[in-house]
Amino acid sequence: LLRACLRRYTHNTIFWIAIVASLGIAVSIAFGARKTFFDDAMVLAQMIVNAIFISWVVGKEFKEGIFRNKAIVGHSKGNIFLSELLSALGISFVLYLLCATIFVVVNSYEVPLLPNDLIVKIFIDYVLLNMCLSAIFVTISCLFTQQALIAIVNIALVLLMWIGSQRFYAELSQPQYFEQFETVNTEWIDENGNIRYREEKIEGSEYLVDNPTYVGGVKRVVYDTIYKLSPYGHIIDFYHFNMDWHGYDYFINNPTEGMTGEEMWELVIGDNEITDETLKKFDMNLIYSCVLLFAVSGFGYIVFRKKEFTKGRKYVKIGDKQTKRTFS
């Protein structure tokens, strides 16, 4: 089953186009981060490419009756699903391992600046989150019979994940309180002898007021869980983290008067700080990626085993003999 799945991938033109496109996007992301910023829009494009090629390859299994034929010759539905899942995960692992390697190599100037364990965690999480997406795409592709519908659903899911993650990030980033203070009007005379008024802060009058847009309680727990489970939520975390370290080439190639490019770069990153909260966030991202991967895979396995293929009697040729089998 695994050999058959890999053969269908490697003998499909769409697959190779997607591989070249993904690697090209990875190079663009890597050099973009070195010059100006980490472009998460290109990551979105990479996810859509992944959705298209998995939908196309796995979707043909239903369209051409391959799932049905595999069941006829005696393969269990569980093994059929696992072969599709493991093939897609294996391909995603290798592909996005290469993409992550490209990013690290091109942005190697960051390596001495960051803790080694943090680099490894981000590296692994990027590979894992793309494997999670592949598991989702395979599951959807195995549960629907229409190839075009599969591609539309998977692409729509990526876009929904992108929009939803952005929205949840904005909601969760709201502060719980705003600081306000009391003021007093004071008079002063300008250089023309005119009396002016201005507001001045009263020292010690600071107080906190509730932020009406702050999300708290159970709703916050739900939002936070969904955000952390979303693969694109991890991309947003990396995007905001990387903002503090991007643009090395820009500063090196555009020195200011009285400062070399290297001095300018060191000044820019001088205030950067890797907090315990940041380290904990990437630890949690790894855990949530693993949870999502196993949850989606388990769900797909259970549901696919209950899926009904076309019922009836079919003839299947085994060697020189023709055998009649009943299947569902």
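All of these numbers come straight from a predicted model, not from anything done at the bench. (Residues numbered from 1 in each chain as written. Predicted model: local features only at pLDDT ≥ 70, side-chain atom pairs only at ≥ 80, totals over all residues. Heavy atoms only, no water.)

## Quick notes on the overall build of the protein chain
To keep it simple, the criterion reads: Each helix corresponds to a stretch of at least 4 residues labelled H or I by DSSP, and each strand to a stretch of at least 2 residues labelled E; elements are numbered beginning at the N terminus. Atoms counted for the radius of gyration: C-alpha only. Globule rule: 2.2 Å times the number of residues to the power 0.38. Working definition: with a 1.4 Å probe on protein chains only, accessible area under 20% of the residue-type maximum means buried, over 50% means exposed, and in between means partly exposed. For this analysis, residues touch if any pair of their heavy atoms sits within 4.5 Å. His residues and chain termini do not enter the charge count, which takes Lys and Arg as positive and Asp and Glu as negative. The atoms used to mark charge sites are NZ of Lys, CZ of Arg, CG of Asp and CD of Glu.
In terms of regular secondary structure, the protein chain is built from twelve helices and six strands. The C-alpha atoms of the protein chain give a radius of gyration of 27 Å, which is well past the 20 Å a tight globule of 328 residues would have. The C-alpha extent of the protein chain, read off along each of the three principal axes, is 110 × 45 × 35 Å. In the protein chain, which comprises 328 residues, the share counted as buried stands at 40%. Long-range contacts, defined as pairs at least 24 residues apart, comprise 75% of the intrachain contacts of the protein chain with a sequence gap of at least 6. When the 30 positive and 34 negative side-chain charges of the protein chain are each reduced to one mean point, those points stand 30 Å apart.

## Things to note about empty space enclosed by the protein
Short version of the rule: We place a 1 Å grid over just the protein atoms. Points where a 1.4 Å probe fits but has no way out form a cavity, open points with protein on both sides within 12 Å along at least 5 of 7 lines form a pocket, and any residue with an atom within 4 Å of a point lines it. Grid points are joined across faces, edges and corners, and a volume is the space filled by probe spheres set on the points. All residues other than Ala, Val, Leu, Ile, Met, Phe, Trp, Tyr, Cys, Pro, Asp, Glu, Lys and Arg, Gly among them, are scored as polar; the first ten of these are nonpolar and the last four charged.
If you walk through the whole model with that rule in mind, you get one cavity of 30 Å³ or more. In this structure, the largest cavity occupies an estimated 390 Å³ of space. Lining of the largest cavity is provided by 24 residues; of these, Phe103, Val104, Ile122, Phe123 and Phe238 occupy positions nearest its centre. At the level of secondary structure, the elements contributing two or more residues to the lining of the largest cavity comprise α2 (13-35), α5 (77-106), α6 (116-143) and α9 (231-242). In terms of residue count, α6 provides more of the lining of the largest cavity than any other element does, six residues in total. The residue makeup of the lining of the largest cavity, split by class, is 18 nonpolar, four polar and two charged.

## Quick notes on the pairing of strand β2 (residues 183-189)
Heads up, the rule is: When DSSP finds two or more bridges between a pair of strands, those strands are recorded as paired.
Taken together, the seven bridges between β2 and strand β3 (residues 195-201) define a ladder with antiparallel strand orientation. When the bridges of β3 are listed, Thr183 appears paired with Lys201. In this antiparallel pair of consecutive strands, β2 and β3, the connection spans five residues, and Gly193 shows a positive phi of 85°.

## Quick word on the confidence of the model for the protein chain
Keep this limit in mind: Summary of the metric used: pLDDT quantifies the predictor's per-residue confidence within the range 0 to 100.
For the protein chain, per-residue confidence averages 82 on the pLDDT scale, and residues scoring 70 or more make up 94% of the total. Model confidence for the protein chain, summarised as mean pLDDT per element, is weakest for strand β5 (residues 312-318) at 42 and strongest for helix α8 (residues 217-229) at 91. With pLDDT under 50 throughout, residues 311-328 is counted as low confidence; its partners more than four residues away or in other chains account for 33 contacts.

## Concerning helix α12 (residues 276-306)
We count it as follows: Expected helix span is given by 1.5 Å per residue-to-residue step, counting one fewer step than there are residues.
Compared with the 45 Å implied by 1.5 Å per residue over 31 residues, the 46 Å span of α12 between its first and last C-alpha is a close match. Where α12 is buried, its residues contact α4 (66-72), α5, α6, α8 and α9.

## As for the pattern of salt bridges
Under the convention used in this document: Salt bridges are identified by distance alone: a Lys or Arg side-chain nitrogen within 4 Å of an Asp or Glu carboxyl oxygen.
A full pass over the atoms with the stated rule returns five salt bridges. A salt bridge links Asp117 to Lys121; the shortest N-O distance between them is 4.0 Å. You can see Asp117 and its partner Lys121 sitting in helix α6, four residues apart, about one turn around the helix. Residue class for Lys121 comes out buried when judged on its relative accessible area of 19%. Residues Asp224 and Lys228 are paired through a salt bridge, measuring 2.9 Å at the closest nitrogen-oxygen approach. One end of the pair is Asp224 and the other is Lys228, both in helix α8 and four residues apart, which spans about a single turn. Among the charged side chains, a salt-bridge network with shared partners connects Asp117, Lys121 and Asp283.

## Examining the nonpolar core
How we decide: In plain words, nonpolar cores are sets of buried Ala, Val, Leu, Ile, Met, Phe, Trp, Tyr and Cys residues tied together by side-chain atoms within 4.5 Å.
Counting 70 residues, the largest nonpolar core has Tyr9, Phe38, Met47, Ile54, Ile235 and Phe241 as the members making the most contacts within it. Excluding residues that lie within four positions of it along the chain, Phe38 makes contacts with Ile29, Ala33, Val43, Phe103, Ile235, Phe238, Tyr239 and Asn242. Listed in part, the six residues of the second largest apolar core include Tyr248, Phe251, Met264 and Ile269.

## Comments concerning the environment of Leu113
Relative to the helices and strands, Leu113 is located in the loop between α5 and α6. Take Leu113: its relative accessible area is 34%, and that puts it in the partly exposed class.

## Things to note about a nonpolar patch on the surface
Going by this rule: Note that patches include only residues with greater than 30% relative accessible area and no salt bridge, and the join distances are 9 Å for like charges and 5 Å for nonpolar side chains (Val, Leu, Ile, Met, Phe, Trp, Tyr). Computed by Shrake-Rupley with a 1.4 Å probe, the accessible areas treat only the displayed protein chains as cover when residues are assessed.
Taken together, Phe93, Val94, Leu97 and Leu98 make up a surface patch of nonpolar side chains, about 330 Å² in accessible area. Mapping Phe93 onto the fold places it in helix α5. By relative accessible area, Phe93 is classed as partly exposed at 41%.

## Focus on the layout of surface pockets
A probe as big as a water molecule, rolled over the atoms, marks out the empty space that is left. When its volume is computed, the largest pocket comes out at roughly 510 Å³. What lines the largest pocket is a set of 14 residues, and nearest its centre among them are Asp224, Tyr227, Lys228, Glu277 and Lys281. Residue contributions to the lining of the largest pocket peak at five residues, all from α12. Considered class by class, the residues forming the lining of the largest pocket number four nonpolar, three polar and seven charged. The computed volume of the second largest pocket comes to approximately 260 Å³.

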